[in-house]
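# Overview (structure and organization)
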Amino acid sequence: QVQLVESGGGLVQPGGSLRLSCAASGRTFSSYSMGWFRQAPGKEREFVAAISWSGGRTYYSDSVKGRFTISRDNAKNTVYLQMNSLKPEDTAVYYCAANRRITTVVASNYDYWGQGTQVTVSS
């Protein structure tokens, strides 16, 4: 079992940057594939980015590709989401998720979820 805690959200102006962190409990973090998802009010939860257990493979949604970067530090049990050139449409609650089977864009494949952190992009 792993517990996930996100941090780093907040209010930022369009064009600004934020870095989200997701700290994981447990000693087997390095065996988990990790993902970031987001959910805006009135919308379905959507995939943002994913990273393999080693960090060697990453995936991004088309809407964030080139602006967001997912990374991980297995020594610190933490996965990051660097968000640059933020747009108002990036406003959402951002969740990190973990699973031990597959690096995937599909939310239902993830077994563990954090509580989420709010990101608001507004002038």
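The preceding data block contains the structure.
Calculation notes
Residues numbered from 1 in each chain as written. Predicted model: local features only at pLDDT ≥ 70, side-chain atom pairs only at ≥ 80, totals over all residues. Heavy atoms only, no water. Helix = DSSP H or I, 4+ residues; strand = E, 2+ residues; numbered from the N terminus. Rg over C-alpha atoms; globule rule 2.2 N^0.38 Å. Buried < 20%, exposed > 50% of the residue type's maximum accessible area, 1.4 Å probe, protein only. Contact = heavy atoms within 4.5 Å. Areas by Shrake-Rupley, 256 points an atom, 1.4 Å probe, with all protein chains shown as cover. Lys, Arg positive; Asp, Glu negative; His and termini not counted. Charge placed at Lys NZ, Arg CZ, Asp CG, Glu CD. Pairing = 2+ DSSP bridges. Axes fitted to C-alpha atoms, helices over the stretch in contact; angles between N-to-C directions. Core = buried A, V, L, I, M, F, W, Y, C linked by side-chain atoms within 4.5 Å. Phe/Tyr/Trp six-rings, centres within 6.5 Å; stacked < 30°, edge-to-face > 60°. Patch = residues over 30% accessible without salt bridge, like charges linked within 9 Å, V, L, I, M, F, W, Y side chains within 5 Å. Salt bridge = Lys/Arg side-chain N within 4 Å of Asp/Glu carboxyl O.

Assigned secondary structure in the chain consists of 0 helices and 11 strands. Helices and strands in the chain line up, N terminus first, as β-β-β-β-β-β-β-β-β-β-β. Rg of the C-alpha trace for the chain: 13 Å, near the compact-globule value of 14 Å for 123 residues, within the 12% margin. Structurally, the chain occupies a C-alpha span of about 40 × 25 × 25 Å along its principal axes. Counting across all 123 residues of the chain, residues that qualify as buried make up 44%. In the chain, of all internal contacts separated by at least 6 residues, the share reaching a separation of at least 24 is 57%. Working note: accessible area of the chain is about 6,300 Å², and carbon and sulfur atoms make up 47% of it. If the 13 positive side-chain charges of the chain are averaged to one point and the 8 negative ones to another, these points end up 7 Å apart.

Here 4 strands make up an open sheet; going across it, the order is E1-E3-E8-E7 and the pairing antiparallel. Pairing within the sheet leaves two strands with one partner each, and these edge strands are strand E1 (4-7) and strand E7 (68-73). Within the sheet, the average angular offset between the axes of one strand and its neighbour, ignoring direction, is 15 degrees.

Quick look at the nonpolar core now. Within the largest apolar cluster, 28 residues are counted, with the highest numbers of intra-cluster contacts made by Met34, Trp36, Leu81, Met83 and Tyr94. Taken together, the elements giving at least two residues each to this core come down to strand E3 (18-24), strand E4 (33-39), strand E5 (46-51), E7, strand E8 (78-83), strand E9 (92-99) and strand E11 (117-121). Residue contacts for leucine 81: discarding those within four places in its chain leaves Leu18, Arg19, Leu20, Trp36, Val48, Ala49, Phe68, Thr69, Ile70 and Tyr94. Core analysis: the second largest hydrophobic core is formed by 5 residues, Phe37, Phe47, Ala50 and Tyr110 among them.

This next bit is on the packing of aromatic side chains. The geometry of an aromatic ring pair is captured by the separation of the ring centres together with the interplanar angle, meaning the angle of the planes. Here the structure, examined in full by the defined rule, presents 5 aromatic pairs. Ring geometry for tyrosine 32 against tyrosine 112: centres 6.1 Å apart, planes inclined by 70 degrees, an arrangement best described as edge-to-face. With a gap of 80 residues between them, tyrosine 32 in the loop between E3 and E4 and tyrosine 112 in strand E10 (residues 112-113) connect regions that are remote in the sequence. Take tyrosine 112: its relative accessible area is 22%, and that puts it in the partly exposed class.

This next bit is on a nonpolar patch on the surface. A cluster of nonpolar side chains, Tyr59, Val105 and Val106, forms an exposed patch at the surface whose accessible area comes to about 230 Å². If you trace the backbone, valine 106 turns up in the loop between E9 and E10. Assessed through its relative accessible area of 38%, valine 106 is described here as partly exposed.

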